[in-house]
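Structural overview for review
Single-letter residue listing:
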Amino acid sequence: MAIVDLVLRPGTADDAAECGRICYEAFAGVAKEHAFPPDVPSPEVGVALIEGALTHPGFYSVVAELDGRIVGSNFLDERSVIVGVGPVTVDPTGQNAGVGRRLMLDVMERADERSAPGIRLLQSGYHNRSFSLYMSLGFVHRATVACVQGPPVGRALPGYEVREATDGDLGACNDVCRQVHGVDRGGEVADALKQGTARVVERAGRVTGYATDLAFFAHAVGETAPDLQALIASAPHFGGPGILVPAGDSALLRWCLSNDLKVVQLMSLMTIGLYNRPDGAYLPSILY
């Protein structure tokens, strides 16, 4: 592949089928190579994932073409002040030729143009090449995160009331997120409210945590680990490959393991720019 002939352009909804196929094949190929289950389990899931990002006004997209043929894509979640990268995928026939680096540089330039204070991503711990790429581009490793999956815990924690979030909870959710992370993720919470997946936990009638969902592409924040335990324990299932639990929060991870959840893989949370050490409990999404 002659990387000098690579063309980068904005993505459109018409790119969903081909970019989705590449997304599935890229993730499946790397996972199989390392004997791990794929994050994207089927071509249909890949297409739906990419189509959602291509058509959402809160996502920036870039598509790489060579001789008129799509060879990769990347996305930037711009719904909040901190931006999240991914999924970045390259056609297996064109990997290790610099396409991924060009796609990453493009979204980093986009973040710089928007004066985003920070960029974040999560990376599969078994994929040494992508870890090396992100590190060489200036990303800093911040935390090891365990992707865990298993049967629903199916119980309530005394003193913690979990309920469906309403539009009136948005301010309280943003307050909790700012307390823990220093910034809010209000754009994602607003989307989850529209989709009906957001839930909050209350103690003594006060919102002390929330989850946009309990899933791979969702995040959760709580003042304390038990706030997140209550949210996790109430979930009817864990979407996608599983939820992402910081390995550094040993008490929360041990609690998950004691409730029959299993570690699927370890991932790296990596950042550029603004990063506040969390003051509380959190579950990142696969984007950050």
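Let me sum up the structure you'll find in this document. (Residues numbered from 1 in each chain as written. Predicted model: local features only at pLDDT ≥ 70, side-chain atom pairs only at ≥ 80, totals over all residues. Heavy atoms only, no water.)

1. A word on the overall build of the protein
When helices and strands are tallied, the protein shows eight helices and 14 strands. For a compact globule of 288 residues, the expected C-alpha radius of gyration is about 19 Å, and the protein comes in at 19 Å, within 12% of that figure. Taking the principal axes of its C-alpha atoms as reference, the protein extends roughly 60 × 40 × 30 Å. Burial statistics for the protein: of 288 residues in total, 53% are counted as buried. For the protein, long-range pairs separated by at least 24 residues make up 72% of all intrachain contacts whose partners lie at least 6 apart in sequence. When the accessible surface of the protein is summed, it comes to about 12100 Å², and 53% of that surface belongs to carbon and sulfur atoms. Each charge class in the protein can be summarised by its mean position, and for the 23 positive and 33 negative side chains these summaries are 6 Å apart. (Helix = DSSP H or I, 4+ residues; strand = E, 2+ residues; numbered from the N terminus. Rg over C-alpha atoms; globule rule 2.2 N^0.38 Å. Buried < 20%, exposed > 50% of the residue type's maximum accessible area, 1.4 Å probe, protein only. Contact = heavy atoms within 4.5 Å. Areas by Shrake-Rupley, 256 points an atom, 1.4 Å probe, with all protein chains shown as cover. Lys, Arg positive; Asp, Glu negative; His and termini not counted. Charge placed at Lys NZ, Arg CZ, Asp CG, Glu CD.)

2. Comments concerning the packing of helix H1 (residues 16–33) against helix H2 (residues 43–55)
One can describe the packing of H1 onto H2 by two numbers: an axis separation of 7 Å at closest approach and a directional angle of 125 degrees. The pairing of H1 with H2 is recorded here as oblique in orientation. For the pair H1 and H2, the crossing hand works out as right-handed. Counted together, Ala16, Ala17, Cys19, Gly20, Arg21, Cys23 and Tyr24 of H1 and Pro43, Gly46, Val47, Leu49, Ile50, Glu51 and Leu54 of H2 form the full contact between these two elements. Here the contact of H1 with H2 is built from residues that sort into ten nonpolar, two polar and two charged. (Axes fitted to C-alpha atoms, helices over the stretch in contact; angles between N-to-C directions. Parallel < 35°, antiparallel > 145°, perpendicular 65-115°, else oblique. Left-handed = near helix turned anticlockwise from the far one by under 90°. Nonpolar A, V, L, I, M, F, W, Y, C, P; charged D, E, K, R; others polar.)

3. Comments concerning the packing of aromatic side chains
Inspection of every chain in the model, using the stated rule, returns three aromatic pairs. Where Phe36 meets Tyr126, the ring centres are 4.4 Å apart and the plane angle is 15 degrees; that geometry is what we call stacked. Of the two residues, Phe36 is situated in the loop between H1 and H2 and Tyr126 in the loop between strand E6 (118–124) and helix H4 (128–136); the sequence distance between them amounts to 90 residues. We classify Phe36 as partly exposed; its relative accessible area is 29%. A cation sits over an aromatic face here: Arg185 above Tyr288, 3.7 Å from the ring centre. (Phe/Tyr/Trp six-rings, centres within 6.5 Å; stacked < 30°, edge-to-face > 60°. Lys NZ or Arg CZ within 6 Å of the ring centre and 35° of its normal.)

4. Quick word on the state of the cysteines
On inspection of all chains with the given rule, the structure shows zero disulfides. Left unpaired, Cys19 is separated from the closest cysteine sulfur, that of Cys23, by 9.0 Å. (Disulfide = S-S within 2.5 Å.)

5. Some remarks on the side chain of Arg185
Within the secondary structure, Arg185 sits in the loop between helix H5 (170–181) and helix H6 (186–195). With residues near it in sequence (within four places) discarded, Arg185 still touches Ser80, Asn174, Cys177, Tyr210, His219, Ser285 and Tyr288.

6. A word on the sheet that holds strand E10 (residues 206–211)
The strand order E8-E9-E10-E11-E14 describes an open sheet built from five strands, whose pairing is antiparallel. For this open sheet the edge positions go to strand E8 (161–164) and strand E14 (281–283), each flanked by a neighbour on one side alone. Pairwise comparison of adjacent strand axes, ignoring direction, gives a mean angle of 25 degrees for this sheet. One ladder, built from three bridges, connects E10 with strand E11 (residues 220–222); its direction is antiparallel. Each bridged residue has a counterpart across the sheet, and for Ala211 the counterpart in E11 is Ala220. (Pairing = 2+ DSSP bridges.)

7. Quick word on the nonpolar core
By size, the foremost hydrophobic cluster in this structure holds 27 residues, and its most contacted members are Leu122, Leu244, Leu269 and Ile286. The leading source of residues in this core is H1, at four residues. (Core = buried A, V, L, I, M, F, W, Y, C linked by side-chain atoms within 4.5 Å.)

8. Side note on the pairing of E6
Along E6, seven of the seven residues are buried, which leaves the element largely enclosed by surrounding structure. The alternating pattern of E6 places Gly118, Arg120, Leu122 and Ser124 and Ile119, Leu121 and Gln123 on opposite faces, both of which are buried. Where strand E4 (residues 83–85) lies against E6, two bridges are found, and the strand directions are parallel. By the bridge assignment, Gly84 is partnered in E6 with Arg120. Inspection of the sheet shows E6 paired to strand E13 (residues 262–273) by seven bridges, in the antiparallel sense. In the sheet register, Arg120 faces E13, and the bridge partner there is Thr271.

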